[in-house]
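The primary structure of each chain is shown beneath.
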Amino acid sequence: MGMTDPIADMLTQIRNGSSAKFSKVDIPASKIKIHIARILKDEGYLKNFKVIKDNRQGLLRLYLKYDEKNQQVLSNIRRVSRPSRRTYAKKDNIPKVLNGMGLSILTTSKGIMTEREAWKLGVGGEIICTVW
């Protein structure tokens, strides 16, 4: 199977949990996953999240979000850069997701942020994932 990719696992949990209409999913916590969760919440794709301390690395509990018709708000979340094949974008060619309907999450020299923020700050970075 090769290298593990905890971020890809997180995205798969969110995708599967959303299609199964779960109210929440629990995944092992890490700094980068907490940053991703915060962006997803700020951008309206997650209802909420919280970090639950345990004796190991802690759990990140993600509260999934649905619209008034109980349809998933997040239709797709896709890993872009992978440990085996990193994907970087310079500030001028960060791809737009669905003409700006979706978003990319990047890790940049100024932290983890959406492509809009990266563009505003004039930084490029590694494209972690796209969401729409």
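Each remark here, short or long, concerns the structure printed above.
Residues numbered from 1 in each chain as written. Predicted model: local features only at pLDDT ≥ 70, side-chain atom pairs only at ≥ 80, totals over all residues. Heavy atoms only, no water.

Engineer: Just checking my understanding: could you explain helix 2 (residues 31–42) for this structure?
Structural biologist: Spacing of three or four residues puts side chains on the same side of an α-helix, whose turn is 3.6 residues. The terminal C-alpha atoms of helix 2, which comprises twelve residues, lie 17 Å apart, in line with the 16 Å expected from a rise of 1.5 Å per residue. What helix 2 keeps buried is the set Lys33, Ile34, Ile36, Ala37, Ile39 and Leu40. Note on helix 2: the residue one or two positions beyond its end, Gly44, has a positive phi of about 85°. (Helix = DSSP H or I, 4+ residues; strand = E, 2+ residues; numbered from the N terminus. Expected span 1.5 Å × (residues − 1). Buried < 20%, exposed > 50% of the residue type's maximum accessible area, 1.4 Å probe, protein only.)

Engineer: Help me out: how do you make sense of unusual backbone geometry in this one?
Structural biologist: Peptide bonds are mostly trans, and most non-glycine residues show a negative phi. Phi is positive for Lys21, close to 60°, though the residue is something other than glycine. Topologically, Lys21 is positioned in the loop between helix 1 (6–19) and strand 1 (24–28). Accessibility expressed as a relative area gives 36% for Lys21, which makes it partly exposed. Within the chain, Leu98 stands out as a residue other than glycine whose phi angle is a positive 45°. With respect to the helices and strands, the residue Leu98 is situated in the loop between strand 5 (88–89) and strand 6 (103–108).

Engineer: I tried to follow the pattern of salt bridges on my own but got confused; where do I start?
Structural biologist: Close approach of charged atoms allows side chains with opposite charge to pair. In this structure the tally under the stated criterion is five salt bridges. When the shortest N-O distance is used, the salt bridge between Asp5 and Arg79 registers 3.0 Å. Of this pair, Asp5 sits in the segment before helix 1 while Arg79 sits in strand 4 (residues 77–79); the two residues are 74 residues apart in sequence, bridging distant segments of the chain. An identical accessibility class is assigned to Asp5 and Arg79; each is buried. Arg116 is the partner of Glu43 in a salt bridge, and the nearest nitrogen-oxygen pair spans 2.6 Å. Linking Glu43 in the loop between helix 2 and strand 2 (46–52) with Arg116 in helix 3 (residues 115–121), this pair joins segments that are 73 residues apart in sequence. With relative accessibility at 39%, the residue Arg116 sits in the partly exposed group. (Salt bridge = Lys/Arg side-chain N within 4 Å of Asp/Glu carboxyl O.)

Engineer: Help me understand the side chain of Glu115 in this model?
Structural biologist: Summarising the element assignment, Glu115 is placed in helix 3. Look at Glu115: it is buried, it has no salt bridge, and the nearest opposite charge is Arg116 at 4.5 Å. At 2.6 Å, the side chain of Glu115 forms a polar contact with the backbone nitrogen of Ser104. Residue contacts for Glu115: discarding those within four places in its chain leaves Ile94, Pro95, Gly102, Leu103, Ser104 and Leu106. (Lys, Arg positive; Asp, Glu negative; His and termini not counted. Polar contact = N/O pair within 3.5 Å; in protein donor to acceptor, adjacent residues only side chain to side chain. Contact = heavy atoms within 4.5 Å.)

Engineer: Can you walk me through helix 1 in this structure?
Structural biologist: Along its 14 residues, helix 1 runs 20 Å from first to last C-alpha, staying within 8% of the 20 Å computed at 1.5 Å per residue. Within helix 1, the full set of buried residues consists of Ile7, Ala8, Met10, Leu11, Ile14, Gly17 and Ser18. Contacts made by the buried residues of helix 1 are with strand 1, helix 2, strand 3 (59–64), strand 4 and strand 8 (125–131). A positive phi of about 60° marks Lys21, the residue just after helix 1.

Engineer: Please explain the pairing of strand 2 as it appears in this structure.
Structural biologist: In regular strands, side chains alternate between the two faces of the sheet. As paired strands, strand 2 and strand 3 are joined by six bridges and run antiparallel to one another. Bridge pairing links Ile52 to Leu59 in strand 3. Linking two consecutive strands that pair antiparallel, namely strand 2 and strand 3, is a turn of six residues; a positive phi of about 90° is found at Gly58 within it. (Pairing = 2+ DSSP bridges.)

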